[in-house]
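If you want the building blocks of each chain, they are given just below.
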Amino acid sequence: MPLRLLRFAAASRYPEPRMFRAHEGLRRAYDVVIIGAGGHGLAAAYYLARDHGIRNIAVLEKNYIGGGNTGRNTTIIRSNYLTPEGVAFYDESVRLWQDLAADFDLNLFYSTRGHFTLAHTDSAMRTMRWRAEVNKHLGVDSELVGPERVKAACPHIDLSCGGNAPILGALFHAPGAIARHDAVAWGYGRGADRRGVEIHQQTEVLGIDVKAGRVTGVRTSRGNIATPRVLCAVAGSTPRITRMLDIRTPIYIHPLQAMVTEPMKPWLDPILVSGSLHVYVSQSARGELVMGASLDPYELHGTRSTLDFVEGLAAHMLDMFPFLSHAKVNRQWAGMADMTPDFAPIMGKTPVEGFYLDSGWGTWGFKATPVSGKTMAYTVAHDREHPLIHGFRLSRFAEYELTGEKGAASVGH
Amino acid sequence: MKLLRCPINGLRPVSEFQYAGEVRPMPDPDTCTDEQWSDYVFNRNGAPGIKREWWLHIASGIWFIAERDTVADKVLRTYLFNEVAP
């Protein structure tokens, strides 16, 4: 047994330093205030401090860090999107992911598995071929494969899916990976904290002060702060914040549910996604099957779970894997997904000077954590939109220039 | 919310219904500006609250209005569009 572990066991006080400091109170002023201590907000704080030398930052969190959609997603990382804007952006993110663990000195359990998007219909095959060609053109490892490749990678699958929806082929994306989502928030949080960023949990934003079209401060449940720049990274709570500023956005909130089974021996190596069956599934390092389906069918600002969801998803899982009929579901939960009409995020500057949005991440935000942090840090530091996020600007709707990513949504949302 | 009251068919499982978004006035496309039109087409009131929404009972094709609390997921009342003045 390592000495460090023995010392840990024998210690009367908790011997490890905390991941980040707790602060008594808020300062009167900060250079930047970030609302939301999820992966995106903490990543932006980390890159602002590391790459742009801005360290007088407060990250405000109503609840606890990583407790929102950062801790509620199904941890899939991929870059096989449909539009050139999307592919370039997510591909940069996959690259950043790969050396993040070394950067943080923290094990993220980053595990490259290969990602199959199954096609059960001719039209799905056509979309997969389209995505494969866009991906290849932009240098992303992605190809159309036949059912035999799916069977080889996952011998347990019933290729006929119970006879209802036979698998005709798949889009295979070798760099597809999963990672431990909590560690991502902690890693960015610790990295930001070490560079002087203050993380304030249990601090709710009540209002944002604007004078002559410019942000001047933030009112919180623990006092008021003066600041010229505010970054909003609050996913499903975005409309509550934009309402404070009378900023109109297309964002609407639907819950997205997920569940895990009891842990089992490793048998599922790749990540499988089926649009027709509304399933995405991977096996975690702990052995649980992590599964998600499509959005709930109506707007809701809550994270309640439903039995309908478990029944529907379990039925579709059994179409693919009949032998799982005895597996038990351990937990289910929901997150509030901030959806946009074109299935692309809304990032960058807004009509209010000094107020920046990192939102509209709907069901696709976790994989983009590093690159959104990096590009938003650049945007906030220079008050100029990063070139990679031009296609995701809020004004694209008024300009009728949408970035249609719907074809690349992992299931038919 | 697991059951929803259709004004014609009474209490039915929510899976028989289709949600169709908040009731919103459409600007006149012949006279409004491009900006007003894009605001109508794309922008939504995504904030929580009590909202008037269009719902469809799929089985019978009945369109109606539901007033719903989007935080508590509770329907306050449902009625046909012409029954209550907006």
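This text follows the structure it describes.
In short, a report on the structure. (Residues numbered from 1 in each chain as written. Chains lettered and ligands numbered in written order. Predicted model: local features only at pLDDT ≥ 70, side-chain atom pairs only at ≥ 80, totals over all residues.)

Let us look at the nonpolar core. Ranked by internal contacts, the top residues of the largest apolar core, which has 116 residues, are Ala44, Ala45 and Ile57 of chain A. Counting residues per element, this core draws most heavily on helix α2 (residues 39-51) of chain A, which supplies eight residues. Excluding its chain neighbours within four sequence positions, the residues that come into contact with Ile57 of chain A are Tyr30, Asp31, Val32, Ile34, Ala45, Leu48, Ala49, Val197 and Glu198 of chain A. Formed by seven residues, the second largest nonpolar core is a distinct cluster that contains Leu4, Phe17, Trp55 and Ala66 of chain B. (Core = buried A, V, L, I, M, F, W, Y, C linked by C-beta atoms within 7 Å. Buried ≥ 20, exposed ≤ 12 C-beta atoms within 10 Å, placed from the backbone. Helix = DSSP H or I, 4+ residues; strand = E, 2+ residues; numbered from the N terminus. Contact = placed C-beta atoms within 7 Å.)

Another point: the sheet that holds strand β6 (residues 143-145) of chain A. Residues and elements named next belong to chain A. The strand order across the open sheet built from eight strands is β6-β7-β5-β15-β16-β17-β14-β18, with neighbouring strands paired in mixed fashion. Looking at which strands have only one partner, the edges of the open sheet turn out to be β6 and β18 (329-339). On average, each strand axis in the sheet is inclined to that of its neighbour by 20°, with strand direction left out of account. Two elements, β6 and strand β7 (residues 169-173), share three bridges in a ladder whose sense is antiparallel. The residue of β7 that forms the bridge with Leu144 is Leu171. Lying over the sheet, helix α5 (residues 122-137) contacts β5 (115-119), β6 and β7, oriented at roughly 25° with respect to β7. (Pairing = 2+ DSSP bridges. Axes fitted to C-alpha atoms, helices over the stretch in contact; angles between N-to-C directions.)

This part takes up unusual backbone geometry. Residues and elements named next belong to chain A. A positive phi is found at Phe109, a non-glycine position, where the angle reads about 55°. Its location among the elements puts Phe109 in the loop between α4 (100-104) and β4 (111-112). Look at Phe109 and you get partly exposed, because 16 C-beta atoms sit within 10 Å.

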